[in-house]
Amino acid sequence: MKVGILAVQGDFEAHAATLARIGVEYAFVRTPRDLEGVDALILPGGESTTQWKFLAEEGLDKSLREFGARGGAIFGTCAGAILLAREVRNPPQPSLGLADIAVVRNAYGRQLASEVRHGATDISNAPIEMVFIRAPLIERAGPGVQVLATSEGQPVLVRQGHILIATFHPELSSDTTVHEYFLRMALECVGGDKQSSGVSSH
Ligand code: GLN
């Protein structure tokens, strides 16, 4: 299992550090060619407008859409969640549209809502740390979208088949629960031949 991390802007290094901690091979993705041999992909937090510009310039928007359409597993955190959404408002911007969610950027004001919370999820027994940094708000989730965690009444961790979305930053916590969940999900997507490598389920 090789995990690609979109590395055009944002906290891609923090995702790399998390994957290194759990012993998973990763590669930074900056061009369509970098996607070759990548089984699953992480879209990090950062600034989604800047990230989108870069994707469009490099033709990576098309490659990422194709990767998603082929059923490749994708995990978007914060700005990555914005990139995956079908609809983006406040302000609006183009996106990959791979997940049937609508998000509001700057929903909580520019300086507010950068905070650490702890919350229950459907993916582990213990509550997990959730670091929010100017997080987008998921204002609509379609019928095919499973809500795996809410915080203060809002969905913050959702899954649609092979797409996982967190409006918080699991890569900034020492707890690796969400990444390990994503890797199990990704292994299901790539099929039996690679089941023996990567992460064990626990
Ligand atoms: N609100 C930011 C954006 O629009 C995302 C914030 C983040 O990734 N921490 O890109």
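Structure first, text after, so check above.
Residues numbered from 1 in each chain as written. Predicted model: local features only at pLDDT ≥ 70, side-chain atom pairs only at ≥ 80, totals over all residues. Heavy atoms only, no water.

Q: Quick rundown of the overall build of the protein chain? Include the residues and the values.
A: Scanning the protein chain for helices and strands turns up five helices and 12 strands. Taken against the 2.2 N^0.38 rule, which gives 17 Å for 202 residues, the C-alpha radius of gyration of the protein chain at 15 Å falls within 12% of a compact globule. Here the C-alpha coordinates of the protein chain stretch approximately 45 × 40 × 30 Å along the principal axes. Evaluated residue by residue, the protein chain yields a buried proportion of 53% over its 202 residues. Taking all contacts inside the protein chain whose residues are at least 6 apart in sequence as the whole, residues at least 24 apart take part in 60%. (Helix = DSSP H or I, 4+ residues; strand = E, 2+ residues; numbered from the N terminus. Rg over C-alpha atoms; globule rule 2.2 N^0.38 Å. Buried < 20%, exposed > 50% of the residue type's maximum accessible area, 1.4 Å probe, protein only. Contact = heavy atoms within 4.5 Å.)

Q: Account for helix α5 (residues 177-190), naming residues and giving values.
A: In a regular helix each residue adds 1.5 Å, so 14 residues correspond to 20 Å; α5 covers 20 Å between its end C-alpha atoms and thus fits that length. Of all 14 residues making up α5, 10 are buried, and the element is well covered by its neighbours. Taken together, the buried positions of α5 are Thr177, Val178, His179, Glu180, Tyr181, Phe182, Leu183, Met185, Ala186 and Leu187. Backbone geometry just downstream of α5 places glycine 191 in the positive-phi region, at approximately 95 degrees. (Expected span 1.5 Å × (residues − 1).)

Q: I'd like a rundown of the packing of helix α2 (residues 48-58) against helix α3 (residues 60-69), residues and numbers included.
A: Orientation of α2 relative to α3, taken along the N-to-C sense of each, is 90 degrees, at an axis distance of 5 Å. Here α2 is positioned roughly perpendicular relative to α3, judged by the angle of their axes. Of the residues in α3, those touching α2 at Trp52, Leu55, Ala56 and Glu58 are Leu60, Asp61, Leu64 and Arg65. (Axes fitted to C-alpha atoms, helices over the stretch in contact; angles between N-to-C directions. Parallel < 35°, antiparallel > 145°, perpendicular 65-115°, else oblique.)

Q: Can you explain the pairing of strand β6 (residues 99-104)? Please cite residues and give values.
A: Of all the six residues making up β6, six are buried; the element is thus mostly covered by neighbouring parts of the structure. The two faces of β6 match: Ala99, Ile101 and Val103 on one face and Asp100, Ala102 and Val104 on the other face are all buried. Sheet topology note: the strand β5 (residues 85-89)/β6 ladder contains four bridges and is parallel. By the bridge assignment for β6, valine 88 is matched with valine 103. Examined bridge by bridge, β6 and strand β9 (residues 137-141) share four bridges and lie antiparallel to one another. Looking at the pairing, isoleucine 101 lines up with alanine 141 of β9. (Pairing = 2+ DSSP bridges.)

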